[in-house]
Amino acid sequence: MKRREFIQIATIGSAAIFEACDQVKNESNTISQKSSSSELRKEIASACWQCVSRCSILAYSNGDRLVKIEGNPKSLRNEGKVCAKGQAGISQMYNPDRILYPLRRIGPRGSGKWEKISWDTALGLILDGGEIEGAKVKGLRTLRKEGTPEKFLFHYGRMVGTDYTINITYFLSAFGTSSIGNHDSICNRAGSIARRLTGDVASSKKFDDVDIILNFGRSLIDAGIDHIPIIRRVSKMRERGVKIYTFDVRLSNTAAKSDKWIPVKPGTDLAVVLALSHVLLREGLYNKEDIEQTANVTVAELEEHLVPYTPEWAEEISGVPSKLIEEIAVEYGKAKSGACVSFRGAFMHFNGVQAQRAIYMLDVIAGNIGPEVRRTKPARWTYPFPRPEKPKGQLPIFNGDKGQFAVPDGSVSHQILTQIRKGRGRPELYMVYCHNPVYANGDCNDNIEVYKDTSKIPFLVSVDVGMSETTELADLILPDASFLERWTAEGKGTTDGIPEFYIRQPVHEPLGDSRSFVDVACHLANELGLNLGFNSAEEFIKGACEATDGLREAGGFEYMKKHGIWHDMEARVEFVKRKKINLFSERLAKSGFSGLPAWMSHPDHKKLDRNELILTTFKVNVHTHSRTQNCKWLMEIYHENPAWINTATADRLGIQENDWIKLESGVGELITKARVTQGVHPNAISVSHHLGHWAFGEYASGEKSSINVENDSDSDLVWWNDHGMHLNKIIPNFGDPISGALCWNDTVISVSKVS
Amino acid sequence: MLKNKLSRKSVLQLLGVTTTGIATFFWWFKTSSKPKSRLAMVMDLDKCIGCHACTVACKAENGVAIGGSRTRVLEQEHGTYPETSRFFMPMMCNHCEDAPCISACPNDAIIKKDNGLVDINKDKCRGFQLCVSACPYGAIYINPDREPDEHVKDYPARAVWKADKCNFCEHRLEEGLEPACSNTCPTDARIFGDLADPNSKVSKLVNGEKLKGLLEEEGTKPQVYYKGGMPEIFNPKKANNNRS
């Protein structure tokens, strides 16, 4: 049938076309669409855990097969929406390289040879020790008997909500170890230490109501830590005409969606921020009384401190035109209300703590951090089980070397392996939970050497869903339940200050022999005679639902299982007087740093050779740092990470689009492709995280892991060969001198074309 | 095709007893002279942030194989440093009024339905791929999965060696649900609706702002409309389409 004829017939409404339609309808039905529609729309409300945003979801199954994840419309945070990562959670659960059984190493560490064992055997090893390839290892019971419970090192990557509460606050405390590593210093540590040093820096304004946003290096809508909720808020703000200026080394999607992208030379946000403050004071765009009520300094002291930081000075350092700095400062100062936002781009630098503190200073001067705090009620669960005391026993491996960092405060996580290598503490049982330090820290090869050394780490246990670069070095692997197969209670705030309580409940039985580690921890506690008061995560969450005021009256656990979410609608936003914040930090001053935020220059950045660029890192919107690369739908979208290099720089170095280029740093070299772009600062070379796995399975690395179950016809359809490169291999484990946070965005590398 | 004479009863049987959505429109059209529906989508390029939530929603909803796609988001960079910009372009079947794929198919497997959907009859499709090259939007692909797993084999998108493309998630429309892509769009950049209903959001947007479709010069009369952004300088061939 010709198209024209078809339309003609359709227009006169002849029987033939109806027949055609109905025929199609009928024939289409011979292949019925099984999906999230119809009777299959039996939903289970749960919570995502692909990224830290933890949106509320609805999961749909077709028989026993989980088929779809959507956002839960009852959530006041993600409002029925969920991102690419969240929806790809299905392939996290079903990925063909999922670890489904406890495994014990046979052969040397990292040889990839495993013996499938029972949970009884696995837990017996953890409790009582035993033999791993002829070597004796100690178990938890022995460590307690010997009075050295702190030799149980628990090192986690991602653990929040009641997973954290049960594992750490209850189990590890009752056991007696405070040897707990996290991933703080490779994440946002410089920012959190800046906050700790400065005090309560909560804004006086509701973020959604501001008229202008200055964004320093935050991929707010690409990969924000509150991904979908913040996307929705910012989207609504943009519709309202809120101005957004994004200072970033790279044209992120956030920068692209801002009113203006202002490229900054890597590591110089601090200079721009100081100059913005300088202009506000110079132009009189401040309220003296408010500043002095808010902070522990006088305006006169600030003026004196900021004298040298002129826009011209900042232009010299950052490359941002002084006129633009002045214009933006005046616009910011004159706006009714504004907000500075920032993240790793601004503060995961040598000068990051001071950069973040300078941002607080800017908002104090601009009046956005004023004498009053807009205080919202947190979503705080009540747990009916008595908490064990926090134990004192801790291995001395969490602060780096003595005096290495001014404010280490017990969580310089990327130095844990270095400290173990130096012999500062020997964990008899080192358990890695939902973490991949080999891949996620800098200087990957060094990490591997430490993990392979059985004299430094006699017994390495990994709790994981996939055969990651760290897990493949373990002696014993415990197969964890994926986030879709377990219980957690979560709580977060909403835009309007309404506490949102929600739960993660299993939408499917754990596959294979996998078990939620939280339940395993409860089991271990029972075996060790530690009386936690509950026997499983479900029991704990049930207890919390019944003990939490308001929720109990609404129907408690049964209500939560049905709806997934409960809101404390009684909560009110309050404005309370702020305790003075420390723009001047005594602690920093005593450690030899400027008490007020002052310029710090990275020693390596002062003079760059012709072929030297500063390597910066970033995240994209379809991956988490290291744990989503087994999700086929995400890898199909983003599987290669060429180095972004400015067109003018590329011209200078004779590099063209898609050329192979070599990146060399002090700790190694890598070869990758060039992406020649107008969207990156000429002094920077920018490469995303996420890719270049050499383990973790076929979607992540292109190689099936030794445990691949070949259950996925899609794996034969993969049309890409490139799995990207992993830039952490050439980034040293170098922490900023104040907080110890890894300087992700400071490494100087030489770049050359590979002929 | 003409063997069975239609009665109202048989129509209802064929369509099922769905009371909402498309079926209702079919019935109306046959028994009255009320206007057909014209299902359409507006892509608000000012709002699209290129997050690919739609891409993955579609993959999951329709069981689309790796290597195939019913919808994707392209991106393109413009300008000279530091005045550089990037914009995002969600792409899918445009459900054209004059769809070149329909006339290109030698097997009459593609039809324009009364609700405006351009749909592929999988039983008639013989995988000749002429539709694939006829479509100026690159919206049609041949399912590459020769041996679908048990758990996906019933999805129409996995029909072996058949053409496949967006059908506005018709199975969802029948349940009164919106397409999977617009359902999950975090910025509400995808707006789905019926242009035959003058009060629908899409009608107000399309008529009010005189929105245009992509590559209108091809004469396809596309029913996916683009709002804002820079579609006038968009060239699908130059954009990064996530295919290397």
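The structure presented is a predicted model; accordingly, all values stated were derived computationally and were not measured. (Residues numbered from 1 in each chain as written. Chains lettered and ligands numbered in written order. Predicted model: local features only at pLDDT ≥ 70, side-chain atom pairs only at ≥ 80, totals over all residues.)

*Asks:* Summarise the overall build of chain A; cite the residues concerned and give the values.
*Replies:* Secondary structure assignment for chain A yields 29 helices and 27 strands. A compact globule built from 755 residues would reach a C-alpha radius of gyration of about 27 Å, and chain A, at 27 Å, matches this within 12%. Dimensions of chain A, computed from C-alpha atoms along their principal axes, come out at roughly 90 × 70 × 70 Å. Here chain A holds 755 residues, and 59% of them are scored as buried. Across chain A, contacts joining residues at least 24 apart in sequence account for 75% of those joining residues at least 6 apart. (Helix = DSSP H or I, 4+ residues; strand = E, 2+ residues; numbered from the N terminus. Rg over C-alpha atoms; globule rule 2.2 N^0.38 Å. Buried ≥ 20, exposed ≤ 12 C-beta atoms within 10 Å, placed from the backbone. Contact = placed C-beta atoms within 7 Å.)

*Asks:* Describe the sheet that holds strand β2 (residues 56-62) of chain A, listing the residues and the values that go with them.
*Replies:* Residues and elements named next belong to chain A. Here we have three strands laid out as an open sheet, ordered β1-β2-β3, and antiparallel in their pairing. Because the sheet does not close on itself, it has two edges, and the strands there are β1 (43-47) and β3 (65-71). Direction aside, the axes of adjacent strands within the sheet are offset by 35° on average. When β1 meets β2, the two strands line up antiparallel, connected through five bridges. The partner of Ala-47 across the bridge, within β2, is Ser-56. (Pairing = 2+ DSSP bridges. Axes fitted to C-alpha atoms, helices over the stretch in contact; angles between N-to-C directions.)

*Asks:* I'd love a proper account of the packing of helix α12 (residues 269-282) of chain A against helix α14 (residues 299-306) of chain A, names of residues and values included.
*Replies:* All names here are of chain A. In contact at an axis separation of 10 Å, α12 and α14 are set at 125° when each is read in the N-to-C sense. As far as their axial angle goes, α14 and α12 are oblique. For the crossing formed where α12 meets α14, the hand is left-handed. Contacts from Leu-274, Ser-277, His-278 and Leu-281 of α12 reach α14 at Leu-302, Glu-303 and Leu-306. Along the lines of polarity and charge, the residues of the contact of α12 with α14 split into four nonpolar, two polar and one charged. (Parallel < 35°, antiparallel > 145°, perpendicular 65-115°, else oblique. Left-handed = near helix turned anticlockwise from the far one by under 90°. Nonpolar A, V, L, I, M, F, W, Y, C, P; charged D, E, K, R; others polar.)

*Asks:* Just give me the short version of the pairing of strand β10 (residues 224-227) of chain B, but keep the residues and values in it.
*Replies:* Residue and element names in this part refer to chain B. Alignment of strand β1 (residues 39-44) against β10, held across four bridges, turns out to be parallel. Pairing of Met-43 across the sheet is with Tyr-226, part of β10. Relative to β10, strand β9 (residues 212-213) runs antiparallel, the two sharing two bridges. For Lys-212, the partnering residue across the bridge sits in β10 and is Tyr-226.

*Asks:* Let's hear about the pairing of β1 of chain B: which residues, and what values?
*Replies:* With six of six residues buried, β1 of chain B is to be regarded as a mostly interior element. Burial along β1 of chain B is two-sided: Leu-39, Met-41 and Met-43 of chain B and Ala-40, Val-42 and Asp-44 of chain B, pointing in opposite directions, are all buried.

*Asks:* Mind laying out the confidence of the model for chain B, listing which residues take part and the relevant values?
*Replies:* Put simply, chain B has an average pLDDT of 85, and 80% of its residues get 70 or more. Predicted complex metrics record ipTM = 0.93 and pTM = 0.92. (pLDDT = per-residue confidence, 0-100.)

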